[in-house]
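# Observations on the model geometry
Single-letter residue listing:
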Amino acid sequence: METKQLLAVLPVKKIYGTLPTVVTDIAVDSRAVNAGGAFVCIEGYTVDGHQFVGKAIENGARVIVASKPVDVDEERVAVILVPDTSRAIGQLAAKFYQYPAKKMTMIGVTGTNGKTSVSGIIHAILRQSGERSALTGTIGFDLDGTFYETENTTADVLTTQQMIARAVNEDCTTMTMEVSSHGLVEGRLAGTEFDIAVFTNLSHDHLDFHGTMENYGHAKGLLFAQLGQDLSQSKFAVMNADDKWCDHFMHMTAYPILTYGIHSEAMFQASEIELKPDGTSYTLDCPDGIFSVSMDLIGEFSVYNSLAAIAALYAKGMSVETAIGHLEKIPAIKGRMEKIPTVLPITLYVDYAHSPDAIEKAIGAVLPYKKPDQKLIFLIGTGGNRDRKKRPIMAEKASIADYVILTTDDPRDEPYESILSELAAGMKHKAYACIEDRAEAVRHAISIASENDLIIFAGKGHEDFQIIGNVKYPHSDAAIALEEAEKKFGSGLVEKPLNN
Ligand SMILES: Nc1ncnc2c1ncn2[C@@H]1O[C@H](COP(=O)(O)OP(=O)(O)O)[C@@H](O)[C@H]1O
Ligand SMILES: [Mg+2]
């Protein structure tokens, strides 16, 4: 792209050195710079990009975008001084990739819990309907069926624009993105113009980052404010009428709002809900009429997630009948109350709950069909060096289960004792065990299970690792549980290999 055209988007304080006529690429990592590229110095939590200008130039950078003066060979390189490089990278990335978000229907999903599930349901339905669709979030970047790993739920602003541009190049017509509150506050969605913004729910999580629930709520609300004010465009907000933050978020956008819910009156209203071990059915009353829905996803929370997905697809122009037809065929979302396929005499679920509300919802998914003679065993851990306030509340919610195993979930470099004692402080009954080693904790769950019992392994979901110190060790709750259960209950009882 022509350098002048690219730089026109920046509030430039000063330029010195020699500007090239074109810029071939943009990078924020000096190792990723290509010949003729621009290097943007970002001041991160641990490193300051300004220290890597020399390395970037060695790798071919011809333009340096910085917020403080840097020494360069002015014959060969230009320095652009701007007030804030973190903002500049958003503007540059969107311009360089020619505003790719404008070329697709962009759906953003935010909330404390359910982002991965709702965006996964939307993406799966779109793909079933034959549309080329892209998805980004906790599980990675799914480019219409081809997977790429990503670092965070919401990637950095440059990677985000690159992924969107890639999806456009691959002829995707919709991209669904999980939008985290961290991503919104840090401006990682600059230039990502959404057409449909979806809110799932808001409850206690990430308060180590946001401080208070109010700040956290405001952070999530940014997604709706960022829909903009151009009412000539067809944009929608999809909101959970049963969540008390719904009213607050409604005021943050002027676009039409589609509500969904179970208890409060909503445009997409579910009733007559039947929760079963292998699936869920309900009646949906919506602008297209009244429908019977039945799906493989389990738990009341999946009713909410499916309603959010159906409303978002309706906003995009898909008929409710079509959306429901596809919903009925999609498998469980990976690691979200996913039943492990076995013919063992016990029922095993893998789940990703790691916030108090999600724990309550995961347990709540099985209570409606749990019989009095069945025991519910719930295994939960929590991450080291992260939000400590939520720990006792997590255990308090876990106490709804008959027997609780408290363990670790990526302890990082925090001692096991503090993690486990802070969790145990919230327990409401004595039927629990604290076991540091997660593999041993999983084996313990099987050892105390009797025939017909139900076990939920929570916190890891789709993840197949455990972070101890700063090393990622392979770990799969499901694999360990199956091995142990086969030993205990007899072999040959696992139907098919796990996808976990
Ligand atoms: N709508 C929901 N409300 C409450 N809990 C939910 C909801 N959807 C999923 N959960 C629970 O939260 C966990 C994480 O779900 P996920 O879709 O990965 O959410 P997120 O991407 O927002 O972290 C699930 O494993 C489940 O236990
Ligand atoms: Mg997620």
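What you see is a predicted model, and the numbers here were worked out from it, not measured in a lab.

It is worth spelling out the layout of surface pockets at this point. To find the voids left in a structure, one rolls a probe of water-molecule size over its atoms. Of the voids in this model, the second largest pocket is the one considered here, and its volume is about 430 Å³. In terms of lining, the second largest pocket is formed by 19 residues, of which the most central are G187, L189, A190, G191 and Q226. Elements supplying a minimum of two residues to the lining of the second largest pocket: α3 (85-96) and α6 (181-185). Two domains each put at least three residues into the lining of the second largest pocket: domain 1 (3-96) and domain 2 (100-327).

Following the criterion strictly, the structure yields 6 aromatic pairs and no others. Ring geometry for F199 and F249: centres 4.7 Å apart, planes at 85°, overall edge-to-face. With F199 in strand β11 (residues 196-199) and F249 in helix α9 (residues 246-250), this pair connects stretches of sequence that are 50 residues apart. Residue F199 is classed as buried on the basis of its relative accessible area, which comes to 0%. Classification of F249 as buried rests on a relative accessible area of 0%. Ring centres of F224 and F249 lie 5.5 Å apart, and the angle between their planes is 25°; on these two criteria the pair is classed as stacked. In this pair, F224 sits in helix α8 (residues 213-225) while F249 sits in helix α9, placing the two residues 25 residues apart along the sequence. Both residues of the pair, F224 and F249, belong to the buried class. Three or more aromatic residues link up through ring pairs in this structure, and these residues are F199, F224, W245 and F249.

Where helix α11 (residues 320-327) is concerned, the buried positions are V320, A323, I324, H326 and L327. Projected onto a plane normal to the axis of α11, the buried residues spread over an arc of 165° and lie on a single side. Among the structural elements, α4 (115-128), β14 (268-276), β15 (279-286), β16 (289-295) and α10 (300-316) are those in contact with the buried residues of α11.

Attention now moves to the domain arrangement of the protein. When cut into domains, the protein gives domain 1 (3-96), domain 2 (100-327) and domain 3 (338-489). For domain 1 and domain 3, the distance between their C-alpha centroids amounts to 47 Å.

Turning our attention to a negative patch on the surface. Together, E417, E436, D437 and E440 give the surface a local cluster of negative charge. With respect to the secondary-structure elements, E440 resides in helix α15 (residues 438-448). Accessibility expressed as a relative area gives 44% for E440, which makes it partly exposed.

Moving on to the site of ligand 1. Around ligand 1 there are 18 residues in total, and K115, S117, N305, R336 and D351 lie nearest to it. Separating an oxygen atom of ligand 1 from a side-chain N or O atom of E178 is a distance of 3.2 Å. Here an oxygen atom of ligand 1 sits 2.7 Å away from a polar atom, N or O, in the side chain of R336. Isolated, ligand 1 exposes 550 Å² of accessible area, and the fraction of that covered by the protein chains is 97%. Among the secondary structure elements, those contributing two or more residues to the shell around ligand 1 are α4, α10 and α12 (356-366). Considering each element in turn, the shell around ligand 1 owes the most residues, 4 residues, to α12. A per-class count over the shell around ligand 1 returns 5 nonpolar, 7 polar and 6 charged. Mapped onto the domain boundaries, the shell around ligand 1 takes at least three residues apiece from domain 2 (100-327) and domain 3 (338-489).

This part covers the pairing of β16. Pairing analysis gives 7 bridges linking β15 to β16, with the strands arranged antiparallel. Each residue of the ladder has a partner; that of T280, found in β16, is M295. Following β15, the chain reverses through 2 residues before pairing antiparallel with β16.

Once that is clear, we can look at the state of the cysteines. For the structure on display, the rule yields 0 disulfides. Not part of a disulfide, C286 finds its nearest cysteine sulfur in C246, a span of 18 Å. Among the residues examined, C286 registers a relative accessible area of 8% and is labelled buried.

It is worth spelling out the sheet that holds strand β21 (residues 432-434) at this point. Strand order in this open sheet of 6 strands is β17-β18-β22-β19-β20-β21, and the pairing throughout is mixed. In this open sheet, the two strands that pair with only one neighbour each are β17 (338-339) and β21. Here strand β20 (residues 403-408) runs beside β21; their pairing, made up of 3 bridges, is parallel. Within β21, the residue paired with L406 across the bridge is C434. On the sheet, α12 packs against β18 (347-351), β19 (376-382) and β22 (454-458) and is oriented at approximately 165° with respect to β19. Across the sheet, α15 touches β18, β19, β20, β21 and β22, and the angle it forms with β20 is around 165°.

Below, the discussion takes up empty space enclosed by the protein. Tallied over the entire structure, the rule returns 2 cavities of 30 Å³ or more. In this model, the largest cavity occupies a volume close to 70 Å³. Contributing elements (two or more residues each) for the lining of the largest cavity: α4 and α10. Per-element accounting of the lining of the largest cavity gives the leading share, 3 residues, to α10.

This part is about the coordination of the magnesium ion (ligand 2). Within the protein, T116 (OG1), T138 (OG1) and E178 (OE) serve as the donor atoms for the magnesium ion (ligand 2), at 2.1 to 2.2 Å. Each donor residue of the magnesium ion (ligand 2) belongs to the same chain, with the gaps between them written as T-x21-T-x39-E. Remark: E178 occurs in strand β10 (residues 174-178) and T116 occurs in helix α4; sequence separation between them is 62 residues. Side by side, T116 and E178 carry an identical accessibility label, which is buried.

Rules behind the numbers
- Residues numbered from 1 in each chain as written.
- Chains lettered and ligands numbered in written order.
- Predicted model: local features only at pLDDT ≥ 70, side-chain atom pairs only at ≥ 80, totals over all residues.
- Heavy atoms only, no water.
- 1 Å grid on protein atoms, 1.4 Å probe; cavity = no way out; pocket = protein on both sides within 12 Å on 5 of 7 lines; lining within 4 Å.
- Points joined across faces, edges and corners; volume = space filled by probe spheres on them.
- Helix = DSSP H or I, 4+ residues; strand = E, 2+ residues; numbered from the N terminus.
- Domains from an automatic or database assignment.
- Phe/Tyr/Trp six-rings, centres within 6.5 Å; stacked < 30°, edge-to-face > 60°.
- Buried < 20%, exposed > 50% of the residue type's maximum accessible area, 1.4 Å probe, protein only.
- Arc of directions from axis to C-beta.
- Contact = heavy atoms within 4.5 Å.
- Patch = residues over 30% accessible without salt bridge, like charges linked within 9 Å, V, L, I, M, F, W, Y side chains within 5 Å.
- Areas by Shrake-Rupley, 256 points an atom, 1.4 Å probe, with all protein chains shown as cover.
- Salt bridge = Lys/Arg side-chain N within 4 Å of Asp/Glu carboxyl O.
- Lys, Arg positive; Asp, Glu negative; His and termini not counted.
- Charge placed at Lys NZ, Arg CZ, Asp CG, Glu CD.
- Near = heavy atom within 4 Å.
- Polar contact = N/O pair within 3.5 Å; in protein donor to acceptor, adjacent residues only side chain to side chain.
- Nonpolar A, V, L, I, M, F, W, Y, C, P; charged D, E, K, R; others polar.
- Pairing = 2+ DSSP bridges.
- Disulfide = S-S within 2.5 Å.
- Axes fitted to C-alpha atoms, helices over the stretch in contact; angles between N-to-C directions.
- Donors = N, O, S within 2.8 Å, 3.2 Å for Na, K, Ca; no water.

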